[in-house]
Amino acid sequence: MPELIFLLGRVPIVPYGTPGTPELGDRVEPYLAEHDALLLANHGAVTMGRTLDEAWIRMESLEHAARIIVAARTVGSPRPLDAAAVGKLEALRAQARREKDA
């Protein structure tokens, strides 16, 4: 979904780590610098932001996109964006982030 790519970028699946142990943090840590949202294998989702509101909006967007994807799969075969379209959206996202940081 274009909106999800622009808002969150790629959302990786972090390998399973035992809850309540340093293992889970060790699994998450390598992804933090490059991603705004993560899917934790066998746990759920985590989103980050500069503020609590930004992280919350990202979580709401991730959950909304998941619902849309599930609904689309129940009625057919959704067609993913091609690599060129994804690349354009990622470039726009990078540009917006640079402008926000300036």
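The structure we're discussing is the one just above.
The structure displayed is predicted, hence computed values, not measured ones.

**A short note on the pairing of strand β3 (residues 44-47)**
And then number 1: Taken together, the four bridges between strand β2 (residues 37-40) and β3 define a ladder with antiparallel strand orientation. Paired with L39 across the bridge in β3 is A45.
And then number 2: In this structure, the hairpin formed by β2 and β3 is closed by a connection of three residues, where N42 is found at a positive phi of approximately 65°.

**Some thoughts on the nonpolar core**
And then number 1: L4, L8, A37, L62 and A65 form the largest nonpolar core, which has five residues in total.
And then number 2: Counting only elements with at least two residues in this core, the list comes to α1 (2-8) and α3 (52-75).
And then number 3: In contact with L62, other than residues within four places in its own chain, are L4, L8, V11, A37, L39, A45 and T47.

Quick notes on the rules
- Residues numbered from 1 in each chain as written.
- Predicted model: local features only at pLDDT ≥ 70, side-chain atom pairs only at ≥ 80, totals over all residues.
- Heavy atoms only, no water.
- Pairing = 2+ DSSP bridges.
- Helix = DSSP H or I, 4+ residues; strand = E, 2+ residues; numbered from the N terminus.
- Core = buried A, V, L, I, M, F, W, Y, C linked by side-chain atoms within 4.5 Å.
- Buried < 20%, exposed > 50% of the residue type's maximum accessible area, 1.4 Å probe, protein only.
- Contact = heavy atoms within 4.5 Å.

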